[in-house]
Amino acid sequence: MTFFGSTRRPKPRPAPELDDAALGRVLRGIASLRGPDPQDLAIVARLEQRLRDTGPDWDRRCRRISVLAQAAPAPAREWHKRRPRDADALVLAGWAERATDPWGAQALCRLAAEAPPDDPTPWVGALAALRSLGRPHAELAPVWEEIRARDPWHREAHLQLLGYLSPEEQGSQSALRDFLDDVVAVMPPDAPAACLPPTAAVRQYHRDLDGGGVRALGRAATGHNRTSHDGWIRR
């Protein structure tokens, strides 16, 4: 029995596929087919099909790649091993390597970027790899421009930069405010990156909560702060 408060329950989390039913079916298939080589080949076929059928829907393509790279890193590497010049195999393997070998991920994503020149996904993977390495702004800025040239309001790219510019990584509170100010000032209301201000607000709330909680409660009582984009990126 607990006398002070209730026992903590796990926080509900959205399914990784979100509203992508086709991706959800692949994830369930991956969960049931894990095993030796023939099963891995079956997974590779499913990965290939799901990436092929996104077409130029860059937001959906990036979401599928990021989820599949985490759910099936071994089949992703196997696919790249069998088809080392395939653009989809390259970019998926690059995303799969980000956590364990960010330099290798960077190299794979750069190779993938040479195949379909209009696809921003390899560049987003390269941006994420540079972020995980904590590289300086000067190295991220050209990659950011490559992404913007292909998809100016790419959701995942903006989220990656939001994390990079946070006080926990390579930025600061003022860098975050500048970044958000610049983005919000020119972003269309229906842009995929429209999730950026609420995401930043939630992350700031958790920073305040981790710092003692009083500031977070004060913010909740006074309403949403004015959100703010770092001047090192110019639109």
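Residues numbered from 1 in each chain as written. Predicted model: local features only at pLDDT ≥ 70, side-chain atom pairs only at ≥ 80, totals over all residues. Heavy atoms only, no water.

Enquirer: Explain the overall build of the protein to me, and be specific about the residues and the numbers.
Expert: If you tally the helices and strands in the protein, you get 12 helices and zero strands. Tracing the protein from N to C terminus, the helices and strands come up as α-α-α-α-α-α-α-α-α-α-α-α. Within the span of the protein, comprising 235 residues, buried residues form 45% of the whole. (Helix = DSSP H or I, 4+ residues; strand = E, 2+ residues; numbered from the N terminus. Buried < 20%, exposed > 50% of the residue type's maximum accessible area, 1.4 Å probe, protein only.)

Enquirer: So what's going on with the packing of helix α10 (residues 173-186) against helix α11 (residues 196-210)? Residues and values would help.
Expert: Here α10 crosses α11 at 160 degrees, and the two axes come no closer than 11 Å. Considering their axes alone, α10 and α11 lie roughly antiparallel with respect to each other. At the point where α10 passes α11, the crossing takes the left-handed sense. In this structure, α10 uses Q173, L176, F179, L180, V183 and V184 to contact α11, whose residues at the interface are L196, P197, A200, Q204 and R207. (Axes fitted to C-alpha atoms, helices over the stretch in contact; angles between N-to-C directions. Parallel < 35°, antiparallel > 145°, perpendicular 65-115°, else oblique. Left-handed = near helix turned anticlockwise from the far one by under 90°. Contact = heavy atoms within 4.5 Å.)

Enquirer: Talk me through the nonpolar core; I want residue IDs and the actual numbers.
Expert: In summary, soluble globular proteins display a tendency toward joint burial of nonpolar side chains. Among the nonpolar cores identified, the biggest contains 54 residues, and I30, L47, L68, L92 and W95 are the most heavily contacted of them. The biggest single contributor to this core is helix α5 (residues 87-96), with seven residues. With sequence-adjacent residues up to four places away left out, L92 is seen in contact with L47, L51, I65, L68, A69, A76 and W79. (Core = buried A, V, L, I, M, F, W, Y, C linked by side-chain atoms within 4.5 Å.)

Enquirer: Let's hear about the pattern of salt bridges: which residues, and what values?
Expert: Tallied over the full model, the rule gives 18 salt bridges. Measuring nitrogen to oxygen at the nearest pair gives 2.9 Å for the salt bridge that ties R52 to E48. In this pair, R52 and E48 both sit in helix α2 (residues 37-52), four residues apart, roughly one turn of the helix. By relative accessible area, R52 is classed as partly exposed at 36%. Taken together, the shared-partner salt bridges connect E48, R52, R61, R83, D86, D88 and D119 into one network. (Salt bridge = Lys/Arg side-chain N within 4 Å of Asp/Glu carboxyl O.)

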